[in-house]
Amino acid sequence: MSKYPNLLFAGTALFAFLANPVMADKLGLGRPALPEEIAAWNLDVSPDGTGLPVGSGSVEDGEMVFSDNCASCHGEFAEGVDNWPKLAGGKDTLDRKDPVKTVGSYWPYLSTTWDYVHRSMPFGAAQTMSADDTYAIVAYILYSNDLVEDDFVLSNENFLEVEMPNADGFIVDDRETAEAAFWGEPCMENCKESVEITMHASVLDVTPDTVDDAAPAEQPAAEEVAAAEPASSEPAAEPATEPAAEPAAEPAADIDPALIAAGEKVFKKCKACHQIGEGAENKVGPELNSVIGRTAGTVEGFKYSDPMIAAGEGGLVWTDATLAEFLANPRKSMKGTKMSFSGLKKEEDQKAIAAYLGSFSN
Amino acid sequence: MSETSKNSRRSFLKGAAAAGVGAVAAATTARAQGTPDPLITEVQPWATGLGDGVDATPYGLPIEYEADVVRRNVPWLTADPISSINFTPIHALDGTITPQGCAFERHHSGAIDLRKEDYRLMINGLVDQPLVFTYEDLERFARINRVFFCECAANTGMEWAGAQLNGAQFTHGMIHNMEYSGVPLRTLLEEAGVKPEGKWVYVEGADASSNGRSIPLEKALDDVLVAFKANGEALRKEHGYPVRLVVPGWEGNMWIKWLRRIEVMEGPVESREETSKYTDTLANGTSRKWTWVMDAKSIVTSPSPQAPIKHGPGPLVITGLAWSGRGAIKRVDVSKDGGKTWETARLANPGQPMALTRFYLDTSWDGKEMLLQARAMDETGYVQPTKKMLREVRGENSVYHNNCIQTWWVKETGEAENVEVS
């Protein structure tokens with residue numbers, strides 16, 4: 001089947017000849033990339049291990065690192081919280097209805113996991129994981145999938161020895177042969193004897209209301225969501241509300257608007273887990289309307305860690321000062337908090353975020 | 001129709017449309033039969049007073065009466081609106097060019113703020129000289145203008161399980177079509193000098209998702225663009241300002257936004273987005289990978305669930321869009337009876353390679369139910385299949401690449417619904 005390449009490349013070659021500018025010589029634009037610059041950005045890791053830095057991490061360490069950085073969305077056992085991606089399980093489900101695609105059941109290369117964790121995770125704090133922590137997290141994910149024992153240590157040296165169950169589960173796009181029947185002359189008359197409607201979208205009723213934006217779509221049953229899950233990397237889940245960062249409240253008169261604006265930028269680090277403003281709901285973290293002045297651990301419906309509840313019962317009220325102390329290093333200042341966030345080290349960021357949060361407090 | 005309008009006629013029309021087509025038809029007829037139309041016989045405010053000055057709107061937005069023509073998302077699809085997707089209001093647009101402001105967005109870590117001054121593009125890997133370009137550098141290379149569609153591989157993905165979403169925007173709105181101005185990727189690769197062992201390029205974005213895809217060098221040297229303008233103006237933030245990749249005919253995930261790095265490599269990276277996602281699992285559990293090309297596809301955009309027939313029987317324009325990742329659209333057929341008989345539609349302009357083509361069927365409606373379908377053919381002779389044909393080859397577990405023929409059930413009232421037919 002050569003319909004596609006022949007036509008496409010013949011067609012575009014002609015196109016190029018007619019319309020593209022002639023570029024015979026180099027223009028000498030740009031400048032040489034320095035080795036330090038290449039090292040900073042050239043982080044991708046290939047299936048053969050190219051790009052892996054020296055390092056190692058154990059399942060045991062990985063359990064801790066995972067718990068601190070990943071479990072709020074992916075679950076303590078990588079089983080996925082609230083339909084955030086499951087990273088474990090799904091063995092032998094690929095040829096069944098609604099297969100469960102996880103690192104263990106689906107991902108063909110371990111390099112992909114390492115690379116993705118290292119460069120793109122955690123959500124909202126990407127590129128903060130050290131090489132050793134990344135090895136540890138990946139080791140723990142392997143353990144969660146029953147692919148290694150609990151005393152396993154993953155390193156750049158044994159990386160390629162790990163066997164991925166679905167390594168041979170992929171074929172290269174074969175549509176031009178497997179779907180060759182789609183090329184041809186179509187029927188124009190008497191193409192079917194009868195036509196019956198077999199399914200109505202209105203029965204499912206999952207279309208967002210486009211007339212009145214305020215009304216959220218009814219939440220479909222879980223299995224319908226699973227069936228409908230699009231491409232999106234991130235899984236179907238509870239209906240989300242409006243984007244978190246819409247500034248809804250009028251800034252309080254005595255707070256510098258520039259500081260609030262700066263705080264809105266800092267808040268980008270928080271948005272992955274917290275919502276604020278009109279319609280804000282509890283997500284991975286509690287909603288933050290009126291957080292300034294609130295007793296710690298008291299948002300209704302949010303499941304706090306025990307230390308956070310205890311702190312509130314002990315009289316902790318969120319003020320600019322107590323918030324700054326907590327945010328500087330959450331896991332140090334409150335051991336056992338669920339909030340897996342490395343912290344706002346800069347005093348100016350702490351002030352800005354307090355001003356921004358304060359603008360949503362009455 | 002929740003807003004209250006100062007314009008009473010518009011409110012009336014909108015209310016009538018919501019209430020049903022009959023009312024609109026009756027009102028029109030009544031006016032024609034004798035009562036003079038006050039819109040003509042009375043001097044209207046806009047015909048006597050003054051409008052806005054030229055300093056009122058330095059950058060114009062659509063008039064308020066078009067406020068419902070906006071991107072919409074489907075909240076239950078994703079866990080979070082930051083890593084999510086929304087949909088182009090294709091039911092309300094005409095022609096082929098998608099305005100940037102309502103063109104669908106898909107990001108993995110949110111749409112980032114990246115200034116031109118802070119922009120750097122690196123080419124590294126198997127090249128004679130690794131290079132860093134600034135935005136200004138890119139503007140000094142000879143550039144070209146091309147129109148291409150960008151379709152998410154998941155467009156229509158929710159429909160695999162059956163008719164689910166009531167509206168062309170939601171079933172087919174993960175697509176846009178813009179005129180890009182940019183530098184051929186080939187030019188930049190030649191500036192760095194590709195070594196003979198280089199067979200792939202890995203392209204990567206600057207946002208926190210670090211979204212990256214591997215593209216065969218043959219494609220990279222063929223028609224891929226490093227684009228910085230769309231529809232004549234700077235890329236909008238949500239479309240990758242200041243620089244994005246344009247990969248004609250191939251799935252939207254490869255059109256890296258906030259493009260920061262191009263690495264020439266011997267083999268593919270096999271990144272998350274080309275292994276765990278954007279792969280297609282068949283009935284036997286084996287999965288296709290590298291399914292980059294978007295198959296030929298078409299959709300009737302009007303009438304459709306969000307764009308009902310508001311006028312009663314008589315002249316009717318049926319219109320829609322067709323496209324193919326393999327080349328130009330050659331023909332579009334339309335069926336009013338669910339695929340029993342087909343008639344060939346009029347293409348507004350000859351199909352252009354890997355760009356949206358607008359089609360019209362200028363017809364007369366008898367006021368009876370229709371099962372409306374469109375079927376695209378491209379220049380390779382590929383004919384858009386039915387969902388049944390796709391399922392027979394691919395099984396029931398597909399997520400991406402649903403290019404099946406869509407059916408709208410147009411009722412006698414002129415309203416339309418998304419249905420599946422035998």
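Residues numbered from 1 in each chain as written. Chains lettered and ligands numbered in written order. Predicted model: local features only at pLDDT ≥ 70, side-chain atom pairs only at ≥ 80, totals over all residues. Heavy atoms only, no water.

1. Some words on the overall build of chain B
Condition: Each helix corresponds to a stretch of at least 4 residues labelled H or I by DSSP, and each strand to a stretch of at least 2 residues labelled E; elements are numbered beginning at the N terminus. Throughout this description, buried means an accessible area under 20% of the type-specific maximum (1.4 Å probe, protein chains only), exposed means over 50%, and partly exposed covers the range between. The Shrake-Rupley method, run with a 1.4 Å probe, gives the accessible areas here. Residue values count only the displayed protein chains as cover.
The number of helices and strands found in chain B is nine helices and 24 strands. Per-residue burial over chain B gives 63% buried out of 422 residues. When the accessible surface of chain B is totalled, it reaches about 15200 Å², and 53% of it is carbon and sulfur.

2. Brief notes about the overall build of chain A
Stated precisely, the cut-off is as follows: In what follows, a contact means two residues having at least one pair of non-hydrogen atoms within 4.5 Å.
Counting its regular elements, chain A contains 14 helices and five strands. Across chain A, contacts joining residues at least 24 apart in sequence account for 56% of those joining residues at least 6 apart. Counting every atom, chain A has about 18900 Å² of accessible surface; 53% of that belongs to carbon and sulfur.

3. Notes on the interface of chain B and chain A
So the rule is basically this: As used here, buried area is the combined drop in accessible area, with a 1.4 Å probe, of two parts when they are placed together. Throughout this description, the term salt bridge denotes a Lys or Arg side-chain nitrogen within 4 Å of a carboxyl oxygen of Asp or Glu. In protein, a polar contact means a hydrogen-donor-capable atom and an acceptor-capable atom, both N or O and within 3.5 Å, with residues adjacent in sequence counting only if both atoms are side-chain atoms; elsewhere, any N or O pair within 3.5 Å suffices.
Across the contact, 122 residues belong to chain B and 108 residues belong to chain A. Approximately 10100 Å² of surface area, both sides summed, lies buried where chain B meets chain A, with 57% of it carried by carbon and sulfur atoms. Contact with chain A buries area across many residues of chain B, yet Trp76, Ala79 and Arg272 of chain B alone supply 8% of it, more than any other trio. On inspection of chain B and its partner chain A, the count reaches eight salt bridges. Glu185 of chain A is the salt-bridge partner of Arg331 of chain B, the closest N and O atoms lying 3.3 Å from each other. Applying the counting rule to chain B against chain A returns 48 residue pairs in polar contact (both at pLDDT 80 or more).

4. Digging into the sheet that holds strand E8 (residues 200-205) of chain B
As a reminder, the rule being used: For two strands to be treated as a pair, DSSP must find at least two bridges joining them.
Read across the sheet, six strands follow the order E1(A)-E5(B)-E4(B)-E13(B)-E8(B)-E9(B) without closing on themselves; strand pairing throughout is mixed. Each edge of the open sheet is held by one strand with a lone partner, namely strand E1 (31-32) of chain A together with strand E9 (212-216) of chain B. Of the pairings in the sheet, the one linking E1 of chain A to strand E5 (residues 131-134) of chain B comprises two bridges and is antiparallel in character. Pairing of Pro32 of chain A across the sheet is with Leu131 of chain B, part of E5 of chain B.

5. Some words on the sheet that holds strand E1 (residues 72-73) of chain B
All names here are of chain B. Pairing in this open sheet of three strands is antiparallel, and the strands run E1-E2-E3 from one edge to the other. The open sheet has two free edges, formed respectively by E1 and strand E3 (106-107), since each of these has just one partner strand. Taken together, the two bridges between E1 and strand E2 (residues 84-87) define a ladder with antiparallel strand orientation. Pairing of Asn73 across the sheet is with Asn86, part of E2.

6. Focus: the environment of Glu251 of chain B
By the secondary structure assignment, Glu251 of chain B is in the loop between strand E12 (244-246) and strand E13 (259-265). Each C-alpha atom, one on Glu251 of chain B and one on Thr291 of chain B, is 8.3 Å from the other, the two residues being 40 residues apart in sequence.

7. What to know about the pattern of salt bridges
Counting across every chain of the model gives 40 salt bridges over all chains. Lys91 of chain A is the partner of Asp92 of chain A in a salt bridge, and the nearest nitrogen-oxygen pair spans 4.0 Å. Residue Asp92 of chain A is classed as exposed on the basis of its relative accessible area, which comes to 55%. Residue Lys91 of chain A is classed as exposed on the basis of its relative accessible area of 68%. Arg358 of chain B is the partner of Asp94 of chain B in a salt bridge, and the nearest nitrogen-oxygen pair spans 3.4 Å. Of this pair, Asp94 of chain B sits in the loop between E2 and E3 while Arg358 of chain B sits in strand E21 (residues 357-365), and the two are 264 residues apart along the sequence.

8. Let's talk about a nonpolar patch on the surface
What counts is decided by this rule: Every patch collects residues that have over 30% relative accessible area and no salt bridge, joining them within 9 Å if they carry like charges and within 5 Å if they are nonpolar side chains (Val, Leu, Ile, Met, Phe, Trp, Tyr).
A contiguous nonpolar surface patch, about 360 Å² in accessible area, is contributed by Leu39, Ile40 and Trp46 of chain B. Inspection of the secondary structure puts Ile40 of chain B in helix H3 (residues 38-41).

9. Let's talk about the pairing of strand E4 (residues 120-125) of chain B
Residue and element names in this part refer to chain B. In the sheet, E4 pairs with E5 via four bridges, with the strands oriented antiparallel. Across the sheet, Arg120 pairs through a bridge with Thr134, a residue of E5. As consecutive antiparallel partners, E4 and E5 are separated by five residues. Of the pairings in the sheet, the one linking E4 to E13 comprises four bridges and is parallel in character. Residue pairing across strands places Ile123 opposite Ile262, the latter belonging to E13.

10. Comments concerning helix H14 (residues 347-358) of chain A
All names here are of chain A. For clarity, the cut-off: Here the expected span of a helix is defined as 1.5 Å times the quantity of residues minus one.
Its twelve residues give H14 an end-to-end C-alpha distance of 16 Å, which sits within 8% of 16 Å, the value for a rise of 1.5 Å per residue. Summarising burial for H14: nine of the twelve residues are buried, a large majority. If you check which residues of H14 are buried, you get Asp349, Gln350, Ala352, Ile353, Ala354, Ala355, Tyr356, Leu357 and Gly358. Among the structural elements, helix H10 (257-266) and helix H12 (320-328) are those in contact with the buried residues of H14.

11. Re the environment of Ile405 of chain B
All names here are of chain B. Relative to the elements of secondary structure, Ile405 occurs in the loop between helix H9 (387-394) and strand E23 (407-410). Expressed as a C-alpha distance, the spacing of Ile405 and Lys297, which sit 108 residues apart in the sequence, is 7.5 Å. The residues contacting Ile405, other than those within four sequence positions of it, are Trp342, Gln373, Ala374, Arg375, Gln384, Pro385 and Thr386.

12. Some thoughts on the state of the cysteines
Threshold: Note on disulfides: each one is a pair of cysteine sulfur atoms within 2.5 Å.
The final tally for this structure, using the stated rule, is one disulfide over all chains. Between the sulfur of Cys187 of chain A and that of Cys191 of chain A lies a disulfide, 2.1 Å long from S to S. Note on the Cys187 of chain A and Cys191 of chain A pair: the S-S dihedral is about -100 degrees, so by sign convention the disulfide is left-handed. The thiol sulfur of Cys152 of chain B is not disulfide-bonded, and the nearest other cysteine sulfur, from Cys150 of chain B, lies at 8.1 Å.

13. So, a negative patch on the surface
Residues and elements named next belong to chain A. Here is the rule: By the counting rule applied here, Lys and Arg register as positive and Asp and Glu as negative, while His and the ends of each chain are not counted. A charged residue contributes its charge at one atom only: NZ of Lys, CZ of Arg, CG of Asp or CD of Glu.
Negative charge collects at one region of the surface, where Glu60, Asp61, Glu63, Glu76, Glu79, Asp132, Asp146, Glu149, Asp150 and Asp151 lie side by side. A total of three residues in the negative patch trace back to one element, the largest contributor, which is helix H3 (residues 59-69). Structurally, Asp132 is set in helix H6 (residues 131-144).

14. As for unusual backbone geometry
Residues Met121 of chain A and Pro122 of chain A are joined by a peptide bond in cis, for which omega reads -5 degrees. Residue placement: Pro122 of chain A occurs in the loop between helix H5 (110-120) and H6. Geometrically, the link from Ser302 of chain B to Pro303 of chain B is a cis peptide bond, its omega value of 0 degrees lying close to zero. Note on placement: Pro303 of chain B falls in the loop between strand E16 (297-302) and strand E17 (314-323).

15. A few points about the environment of Ser111 of chain A
Residue and element names in this part refer to chain A. The residue Ser111 is located in helix H5 in this model. According to the relative accessible area criterion, Ser111 is buried, its value standing at 1%. Separated by 66 residues in sequence, Ser111 and Val45 have C-alpha atoms that sit 6.0 Å apart.

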